[in-house]
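Working through the structure, step by step
The residues making up each chain are set out below.
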Amino acid sequence: MEAYTAFASVYEMYMDNIPYDEWANNIKALFEKYNMPMEIVCDIGCGTGQMTRRLKAMGYDMIGIDNSYDMLMEAMANEDSQGILYLCQDMRSFELYGTVGAVVSVCDSINYLRSEAELLEVCKLVNNYLDPKGLFIFDVKTEKYYKELGDKTIAENRQEGSYIWENEYDIKARDNYYDLTIYTANDEGTFDRYEEEHLQHAFTVTEIKRAISASGLELLDVLDVATMSSENIDDSDRLYFIAREVLK
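A brief report on the enclosed structure follows. From a predicted model like this one, the values you see are computed outputs, not experimental measurements.

**Here's the deal with the sheet that holds strand β11 (residues 238-245)**
As summarised here, the arrangement of the seven strands in space is β3-β2-β1-β4-β5-β11-β10, forming an open sheet in which the pairing is mixed. Unpaired on one side and paired on the other, β3 (85-88) and β10 (217-224) mark the two borders of the sheet. For this sheet the average axis-to-axis angle between neighbouring strands, irrespective of direction, equals 15 degrees. The sheet contact formed by β10 and β11 spans seven bridges and is antiparallel. Paired with aspartate 221 across the strands is isoleucine 242, a residue of β11. Contacts from helix α3 (residues 50-57) reach β1 (40-44), β2 (61-66), β3 and β4 (100-105) within the one sheet, and its direction differs from that of β2 by about 175 degrees. Packing of helix α4 (residues 69-77) onto the sheet brings it into contact with β2 and β3, and relative to β3 it is tilted by some 165 degrees.

Shown next, in the form of structure tokens:
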């Protein structure tokens, strides 16, 4: 089963607890701190375009990339997406028409990569498409987050639909399996049932630093997303990695 097919139509409804505004402000602050050279930004793993649209509203020219056609259809249906170029591509093999000032990836899209080798391929591609001294900013959920999540089941019921999200974490492989069952209201007054499977991988800080370095990028900082601080990152649930193009 593919991820983000049936879930795409209700994704924004159930993800309304995610602090997208705060995260967009964080990204903008990092752009300003590290003097992003141009204002073209590519959002990989953009999903329904929540971050893409916010950065566009801040004045950046945006490209959104996702491998889910259904998620991109939801993104393009939003009136705030006018002027955004959306591309249905896999982040492991994406292609752009030219270079960009920054590449961003939020909401743990990087955790969908399966291995350090795949992460390295993404970093190499990003490096290839960055302007001189361009930035790559992405977040990841940490191993601490997945260990604490464990085998919990998360469920939510709303008038428009409901979901059951079952988790199973493989400590040895550092893989977290999500079994998602979705019920969405239809026009007949009943509910349609869909199932999806998701798999996310917990990268270590060492692995991510190694991939960034091997790709030719320069690591600038590692920050806790909640505090925007580099202190106590071992206790963080979500981290930002900020890297820069240095070889062009």
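Having seen the model, we can carry on.
**With respect to the pattern of salt bridges**
Once their charged atoms are close, side chains differing in charge can pair, the charge on each being opposite to the other. The tally for this structure, following the rule as stated, stands at 13 salt bridges. Put simply, aspartate 108 and arginine 238 hold a salt bridge, and the shortest N to O gap is 3.1 Å. Of this pair, aspartate 108 sits in the loop between β4 and α5 (116-129) while arginine 238 sits in strand β11, and the two are 130 residues apart along the sequence. As far as the burial class goes, aspartate 108 and arginine 238 line up, both buried. Close ionic contact of lysine 144 with glutamate 148 constitutes a salt bridge, the shortest N to O distance being 3.2 Å. You can see lysine 144 and its partner glutamate 148 sitting in helix α6 (residues 143-149), four residues apart, about one turn around the helix. Under the relative-accessibility criterion, glutamate 148 is labelled partly exposed at 45%. Within the structure, one salt-bridge network assembled from shared partners comprises Asp108, Asp139, Lys141 and Arg238.

**A few points about the nonpolar core**
Among the nonpolar cores identified, the biggest contains 32 residues, and Ile44, Leu96 and Phe136 are the most heavily contacted of them. If one sorts the elements of this core by residue count, α5 sits on top with six residues. With sequence-adjacent residues up to four places away left out, phenylalanine 136 is seen in contact with Ile44, Val103, Val122, Cys123, Val126, Leu130, Leu217, Phe241, Ile242 and Ala243. By size, the runner-up hydrophobic cluster in this structure holds 29 residues, among which are Met36, Met51, Ala75 and Leu223.

**Points about unusual backbone geometry**
Within the chain, lysine 133 stands out as a residue other than glycine whose phi angle is a positive 65 degrees. Relative to the elements of secondary structure, lysine 133 occurs in strand β5 (residues 130-141). Relative accessible area serves as the criterion here: at 53%, lysine 133 is assigned to the exposed category. Residues other than glycine seldom take positive phi values, yet asparagine 232 does so here, at roughly 55 degrees. Along the chain, asparagine 232 turns up in the loop between β10 and β11.

**Let's talk about the pairing of β5**
Most of β5 sits out of view: 10 of its 12 residues are buried. Inspection of the sheet shows β4 paired to β5 by five bridges, in the parallel sense. Its bridge partner being in β5, valine 104 is matched across the sheet by isoleucine 137. Note on the crossover from β4 through α5 to β5: the handedness is right-handed. Direction of pairing for β5 relative to β11: antiparallel, over a ladder of seven bridges.

The rules behind these values
Residues numbered from 1 in each chain as written. Predicted model: local features only at pLDDT ≥ 70, side-chain atom pairs only at ≥ 80, totals over all residues. Heavy atoms only, no water. Pairing = 2+ DSSP bridges. Helix = DSSP H or I, 4+ residues; strand = E, 2+ residues; numbered from the N terminus. Axes fitted to C-alpha atoms, helices over the stretch in contact; angles between N-to-C directions. Contact = heavy atoms within 4.5 Å. Salt bridge = Lys/Arg side-chain N within 4 Å of Asp/Glu carboxyl O. Buried < 20%, exposed > 50% of the residue type's maximum accessible area, 1.4 Å probe, protein only. Core = buried A, V, L, I, M, F, W, Y, C linked by side-chain atoms within 4.5 Å. Right-handed = clockwise from strand over helix to strand, strands pointing away.

These figures capture arrangement, not role.
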